[in-house]
Amino acid sequence: MTKILVLNGPNLNMLGMRQPEFYGRTTLKEVEDLCVSHGETLGQSVSHLQSNHEGVLIDAIHAARGVQDGIVLNAGAYTHTSVALMDAIASAEVPVVEVHMSNIHARETFRHTSYIARVSIGQVCGFGAQSYVMALDALAAYLSKDNVG
Ligand code: CA2
C-alpha cells in the first residue's frame, strides 16, 4: 500500500453548501470518502485533513516527510498567495499533485497564478470532485515510476 494524504485548505469545508456553480454539490465528506474508496482500488491508503489555517497546513506537509508517499493538495485561496506553503512543499520531499474543483484558469486573473504549481509534479483542475480521483491516478502512475515524459 502506498500512503497518500489528501489535504484541503481554507473554506473547502463549505463544499456542497454554497456556490454550486463553481464547486458543485458534493460535500467535503463525500470528496474524502471518494478519495478513500478510489485509493483502495489503486492500492493506496488515503488519509485526509482539512484546515482553514495556513500554519496547520504547513505542519501537515512537514509531518508528511518520510511518512506519506504522496500528497493531493487543494490549497484553496492559499494557492494564489502562499510562499510559505510553497516553501513547505519544496522542503518536504514528498510528491504533490495540486488539485482544484474549478478551472482556475477560466476564472479571475488572480486565480491564474499558483505558487503550488511551482513545486508540484502536476495540476488537475476543473473537474469538480473528479479532479481528486484524477490526482490519485496521477500519483499512482508517478509512484509506479511510470512517470517519464
Ligand atoms: O476550485 C478550487 O478548488 C479552489 O481551490 C477553491 C478555492 C478558491 O479560492 C480557489 O481559487 C480554487 C475556494 C474554496 C471555497 O470553497 C467554497 C465552497 C462552497 C462555498 C463557499 C466556498
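Peer 1: Give me the lowdown on the site of the ligand, citing residues and values where you can.
Peer 2: In the vicinity of the ligand lie 16 residues, with N74, H80, M101, S102 and R111 positioned nearest. Between the ligand and H80, the relevant distance is 2.7 Å, taken from an oxygen atom to a side-chain nitrogen or oxygen of the residue. Taken together, the residues that form the shell around the ligand break down as 7 nonpolar, 7 polar and 2 charged.

Peer 1: Tell me about the packing of aromatic side chains, residues and numbers included.
Peer 2: Applying the stated criterion to the full structure yields 1 aromatic pair. Here the aromatic rings of F22 and Y23 are separated by 6.0 Å at their centres, their planes lie at 50 degrees, and the arrangement is tilted.

Peer 1: Tell me what's going on with the sheet that holds strand β4 (residues 96-100), and back it up with residues and numbers.
Peer 2: Strand order in this open sheet of 5 strands is β2-β1-β3-β4-β5, and the pairing throughout is parallel. Where the open sheet ends on each side, the last strands, each with one partner, are β2 (44-50) and β5 (122-125). Across this sheet, the average inter-strand angle for adjacent strands is 20 degrees, counted without regard to direction. With 5 bridges connecting them, strand β1 (residues 2-8) and strand β3 (residues 70-74) associate as parallel partners. The residue of β3 that forms the bridge with N8 is N74.

Peer 1: So what's going on with the packing of helix α2 (residues 28-41) against helix α5 (residues 130-143)? Residues and values would help.
Peer 2: In helix packing, the relevant descriptors are the interaxial angle and the interaxial distance, both defined with respect to the helix axes. Interhelical geometry of α2 versus α5 gives an angle of 30 degrees and a closest axis separation of 9 Å. The orientation of α2 with respect to α5, classified from their angle, is roughly parallel. Like other packed secondary-structure pairs, α2 and α5 cross with a definite hand, here right-handed. Together, V31, L34, C35, H38 and G39 of α2 and Y132, V133, L136 and D137 of α5 make up the contact between the two elements.

Thresholds, definitions, all that
- As a convention, each chain's residues are numbered from 1 in the sequence order in which they are written.
- Per-residue local features of the predicted model are confined to residues with pLDDT of at least 70, and side-chain atom pairs are confined, for both listing and counting, to 80 or more; whole-chain, interface and lining totals are unaffected and use all residues.
- Values reported for side chains reflect all heavy atoms of the structure, with hydrogen atoms and water molecules removed beforehand.
- Whether a residue is near a molecule or strand is decided by its heavy atoms; if any one of them lies within 4 Å of it, the residue is near.
- Pairing of N or O atoms within 3.5 Å defines a polar contact, subject to two protein rules: one partner must be a possible hydrogen donor and the other a possible acceptor, and residues neighboring in sequence count only if both atoms are side-chain atoms.
- In this classification, Asp, Glu, Lys and Arg are treated as charged, Ala, Val, Leu, Ile, Met, Phe, Trp, Tyr, Cys and Pro as nonpolar, and every other residue, Gly included, as polar.
- We call Phe, Tyr and Trp rings a pair once their centres come within 6.5 Å, taking the six-membered ring for Trp, and we label the pair stacked below 30 degrees between planes, edge-to-face above 60, and tilted otherwise.
- DSSP calls a pair of strands paired once it identifies at least 2 bridges connecting them.
- Working definition: helices are DSSP H or I runs of at least four residues, strands are E runs of at least two. Numbering for both runs from the N terminus.
- Under this scheme, a helix contributes an axis fitted over its contacting stretch, all axes are lines through C-alpha atoms, and angles between N-to-C directions fall in the 0 to 180 degree range.
- Each angle is binned into one of four classes, with values under 35 degrees roughly parallel, values over 145 roughly antiparallel, values of 65 to 115 roughly perpendicular, and all other values oblique.
- Helix crossings get a hand from a simple test, with the near helix turned counterclockwise from the far one by less than a right angle marking a left-handed crossing and a clockwise turn marking a right-handed one.
- Contact between two residues is taken to exist if any of their heavy atoms lie within 4.5 Å; hydrogens are not considered.

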